[in-house]
Amino acid sequence: MVKTLYRTRRVYTLSHPTVGDWLLIDGRHIERVGAGDPPVAERTVDLPGTIVIPGFIDTHVHLTGTGLSGLGIPIERARSASELLGLVAEELTHEPTKILAHGFDESRWERRALPTAADLNDLGDVPIILVRADGHIALANSVALKESGALELDGVERDEVGQPTGAVRRDANNRLQRWFHEALTDHEIRELQLQAASLAASRGVTCVHEMAIPASRGRRDLEVLMDHRTQLPVDVVPYVADKDIPYVMDLGLGTIGGDLSLDGSIGAGTAAVGESYVEGGTGALYEEDDALAEFFHNAHMAGLQVAVHAIGDAAIEQAIGVWERVYRALDSRDRRHFRARRHRIEHFELCAPHQIERAAALGLAISIQPAFDAEWGHPGALYEQRLGAERAARMNPFGALLGRGLELGAGSDSPITALDPMYGIWALETHHDPSQRMNREEAVRLFMTGSATLAHLEDKKGKLRPGMQADFAAYEVDPMTVDDPRELRPVLTVSRGREVYAR
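As the structure is a prediction and not an experimental result, all values here were calculated from the model. The written sequence of each chain sets the order in which its residues are numbered from 1. With the structure being a predicted model, the display of local features is reserved for residues of pLDDT at least 70 and the display and counting of side-chain atom pairs for 80 or more, all residues being used for whole-chain, interface and lining totals. Side-chain metrics rest on all non-hydrogen atoms present in the structure, leaving aside hydrogens and water.

**Q** Lay out the overall build of the chain with the relevant residues and their values.
**A** Counting secondary structure elements, the chain contains 20 helices and 22 strands. C-alpha atoms define the radius of gyration in this analysis, and the globule rule sets the expected value at 2.2 Å times the number of residues to the power 0.38. Its C-alpha radius of gyration of 23 Å places the chain within 12% of the 23 Å reference for a compact globule of 503 residues. Expressed as lengths along the three principal axes of its C-alpha atoms, the size of the chain is roughly 80 × 60 × 45 Å. Only protein chains enter the calculation, and the probe is 1.4 Å; a residue is then buried if its accessible area is under 20% of its type maximum, exposed if over 50%, and partly exposed in between. Within the chain, buried positions represent 59% of all 503 residues. Taking as baseline every contact in the chain between residues at least 6 positions apart, the subset at least 24 positions apart corresponds to 73%. All accessible-area figures derive from a Shrake-Rupley calculation using a 1.4 Å probe, and residue coverage is judged against the displayed protein chains alone. As displayed, the chain has an accessible area near 19700 Å², and 48% of this comes from carbon and sulfur atoms. In the chain, 53 positive and 75 negative side-chain charges are present, and the distance between their average locations comes to 5 Å. Secondary structure elements follow DSSP: runs of H or I no shorter than four residues count as helices, runs of E no shorter than two count as strands, and numbering proceeds from the N terminus. In what follows, residue pairs with any heavy atoms lying within 4.5 Å of each other are defined as contacts. Only four residue types enter the tally: Lys and Arg on the positive side, Asp and Glu on the negative side; His and the chain ends are excluded. Note that the charge is assigned to NZ on lysines, CZ on arginines, CG on aspartates and CD on glutamates.

**Q** I'd like to hear about the sheet that holds strand β15 (residues 255-256), residue by residue, with values.
**A** When DSSP finds two or more bridges between two strands, those strands count as paired. Strand order across the open sheet formed by five strands is β15-β16-β17-β18-β19, with parallel pairing between neighbours. Each edge of the open sheet carries a strand with a single partner, namely β15 and β19 (407-410). In this sheet, β19 lies alongside strand β18 (residues 365-368) in parallel orientation, the contact comprising four bridges. Paired with S367 across the strands is G409, a residue of β19.

**Q** Kindly report on the sheet that holds strand β5 (residues 43-46), identifying the contributing residues and their values.
**A** Read from one edge to the other, the open sheet built from four strands follows the order β4-β3-β1-β5, with strand pairing classed as mixed. Since the sheet does not close on itself, it has two edges, and those belong to β4 (29-34) and β5, each with one partner. Strand-to-strand twist across the sheet, computed as the mean angle between neighbouring axes with direction ignored, equals 20°. Where strand β3 (residues 22-26) meets β4, five bridges bridge the pair, whose relative direction is antiparallel. Pairing of D26 across the sheet is with H29, part of β4. Comment: axis = line fitted to C-alpha atoms, over the contacting stretch for helices; angle = value between 0 and 180 degrees taken between N-to-C directions.

**Q** Break down the packing of helix α6 (residues 186-202) against helix α8 (residues 219-228) for me, with residues and values.
**A** Where α6 meets α8, the axes come as close as 10 Å, and the angle between the chain directions of the two elements is 65°. Regarding the angle of α6 to α8, the classification is roughly perpendicular. Helix-helix and strand crossings are classified by hand; for α6 and α8 the assignment is right-handed. Here α6 contributes D186, I189, R190 and Q193 to the contact with α8, which in turn contributes R220, D221, V224, L225 and H228. When describing relative orientation, an angle under 35 degrees is termed roughly parallel and one over 145 degrees roughly antiparallel, while 65 to 115 degrees is termed roughly perpendicular and anything else oblique. A crossing counts as left-handed when the near helix is turned anticlockwise from the far one by less than a right angle, and as right-handed when that turn is clockwise.

**Q** Residues and numbers for the nonpolar core, please.
**A** Remark: nonpolar core denotes a set of buried residues (Ala, Val, Leu, Ile, Met, Phe, Trp, Tyr, Cys) joined through side-chain atoms within 4.5 Å. Core analysis: the largest hydrophobic core is formed by 78 residues, its most contacted members being F56, F295, F296, I345, F348 and I368. The element that contributes the greatest number of residues to this core is helix α11 (residues 313-329), accounting for seven residues. Every residue in contact with I345, bar those within four places of it in the chain, is listed here: V308, A310, A319, I320, L364, A365, I366 and S367. Within the second largest apolar cluster, 20 residues are counted, among which are A78, I99, L130 and L139.

**Q** Can you lay out the environment of L24 for me, pointing to particular residues and giving the numbers?
**A** By the secondary structure assignment, L24 is in strand β3. Its relative accessible area of 2% is what places L24 among the buried residues. In the structure, L24 is positioned 450 residues away from A474 in sequence and 15 Å away in space, judged by C-alpha atoms.

**Q** Kindly report on the packing of aromatic side chains, identifying the contributing residues and their values.
**A** Side-chain rings of Phe, Tyr and Trp, where Trp is taken by its six-membered ring, are said to pair if the distance between their centres is within 6.5 Å; with planes under 30 degrees apart they count as stacked, over 60 as edge-to-face, and otherwise as tilted. For the structure shown, the criterion picks out ten aromatic pairs. An angle of 10° between the planes, with centres 4.1 Å apart, marks the rings of F296 and W323 as stacked. Linking F296 in helix α10 (residues 289-301) with W323 in helix α11, this pair joins segments that are 27 residues apart in sequence. For the pair shown, F296 and W323 are each scored as buried. A connected cluster of aromatic rings, assembled from ring pairs, spans F295, F296, W323, Y327 and F338. Only Lys NZ and Arg CZ are tested; either one counts as a charge over a ring when it is within 6 Å of the ring centre and within 35 degrees of the ring normal. When the ring centre of Y327 is taken as origin, the NZ or CZ atom of R335, which lies over that ring, is 4.9 Å away. Taking NZ or CZ as reference, R486 lies 3.9 Å from the ring centre of W426, over its face.

**Q** Pulling in residues and values, what's your account of the environment of H228?
**A** Summarising the element assignment, H228 is placed in helix α8. Judged by relative accessible area, which is 10%, H228 ranks as buried. On a C-alpha basis, the gap between H228 and L194 in space is 9.4 Å, while along the polypeptide they are 34 residues apart. The contacts of H228, once residues within four sequence positions are left out, are R190 and Q193.

**Q** Explain α11 to me, using residue names and the numbers behind them.
**A** Multiplying 1.5 Å by the residue count of a helix minus one yields the expected span of that helix. Along its 17 residues, α11 runs 24 Å from first to last C-alpha, staying within 8% of the 24 Å computed at 1.5 Å per residue. Along α11, the residues classified as buried are D313, A315, I316, Q318, A319, I320, V322, W323, E324 and V326. Structurally, α11 contributes buried residues whose contacts are with α10, β16 (305-310), α13 (338-341), β17 (344-347) and α14 (353-362).

**Q** Which residues make up helix α5 (residues 170-182), and what are the values?
**A** For α5, spanning 13 residues, the distance from its first C-alpha to its last is 18 Å, which sits close to the expected 18 Å at 1.5 Å a residue. Those residues of α5 not exposed but buried are A172, N173, L176, Q177, W179, F180 and H181.

**Q** Please provide a residue-by-residue account of the packing of α11 against α14, values included.
**A** Between α11 and α14, whose axes approach to 10 Å, the crossing angle comes to 30°. Handedness of the α11/α14 crossing: left-handed. In contact with D313, I316, E317, I320, G321, W323, E324 and Y327 of α11, α14 contributes H354, Q355, R358, A359 and L362. Its residues placed into classes, the contact of α11 with α14 shows six nonpolar, three polar and four charged. Residues are grouped as follows: nonpolar covers Ala, Val, Leu, Ile, Met, Phe, Trp, Tyr, Cys and Pro; charged covers Asp, Glu, Lys and Arg; every other residue, Gly included, is treated as polar.

**Q** Any chance you could break down the side chain of D134 for me, citing the residues and the numbers?
**A** Locating D134 in the fold gives a position in the loop between β9 (128-132) and β10 (138-140). When its relative accessible area of 12% is taken as the criterion, D134 is described as buried. Pairs of N or O atoms are called polar contacts if they sit within 3.5 Å, as long as, within protein, a hydrogen donor faces a hydrogen acceptor (for residues adjacent in sequence, only side-chain-to-side-chain pairs). Among the polar contacts made by the side chain of D134, one reaches the side chain of R132 at a distance of 2.9 Å. What D134 contacts, discounting residues up to four positions off in sequence, is S265, G267, A268 and I416.

Encoded structure:
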């Protein structure tokens, strides 16, 4: 293999403070990191004045959705129902055969009333699906509801006379989105996934944990990804929200679940909470305890790492309680291996101190999304609108999770929030609760070594030292000391020894 020497100003290895001003790469792995006179190599890359850090790892990404979001109508810009409808009307002038757009957030509107089915129907006869920023509620016109087969499913909101309002959740929402995605060709899916992976590389990300959701994407979306993931510019670790254990194992995966939802979202009012929302209701649990316990037990015994989505305190309680039940049923030999499996809970937002303690006792790993707090966690924002000030104030206690010693990694949930670790780092440093903030080193480590550990990759990724995979990014400004990292972009990203992005 060709040995490549990268000469730079400083290398942060994360296993030592600051070491070296060059890296020697042998194929896909780091052979040496050093200072002073560099060794001889077949190829030399000069990066004068730059700072090199390990590649970032995003623990929660939806690649196809991220690709679509980058190409679709920018409905996240809408600040009213009329603006939202206007953006769709403009797209219809280009004569699309159907529309799916993602990202509207009515919590930012002065008047938060959503467009109705009648409003959407007035735009024309093309199927229209508008997905909320969190993905757990969509707006659809009558044509989309009928042609997708979603009309009679659970989750179609109806008015006092039984007519659809246009808002859909749960099964109907999944059906709408799956209907759209299943019409995409394999080539289109590959291109969307490639675009998302390329975006990740341009942000200094060298590995993503893909959260495949067959319920809303179909299995083909995952199977296309499995067919070409080794050719993508970043490393991809798939987690599949499917309880069919033999199917997942036949794919050669050691993981299952991922965004397998135990509840919905705060924004859609479907996250399962112990006390009602400000506007009423407590959301819903999507799984029965007994069925979930059987799935957890069987997946664990099959040697799989299990991950589930839980946002509300009632869903978090179900996840922890069912894992406690499964753990008690294991014999002593199987218990010894339980903590090493690092079963995951994604999001873990509205958690109580006793739930943190119990999760730590079980050795569960937590995948957090720091940008959620930046987007919706501050006074007056979405979480306070839905839950009231007291509950909103104690959401996403990132510092407490880290302080308790839980295995903690960070992601974006892209396209829910931007696939940009620098934004996530800034969010960790500016948490709405000062007691839960992290310093720069803690925040950076979370997106590197923390996220590597969540996928059992700590011996391969997250640090720059001999034997580790050659995953790193070079910056003209020091990411460890710059005041505001949000606009910082790499000049070069290397993933598994491949130069996958250059500015």
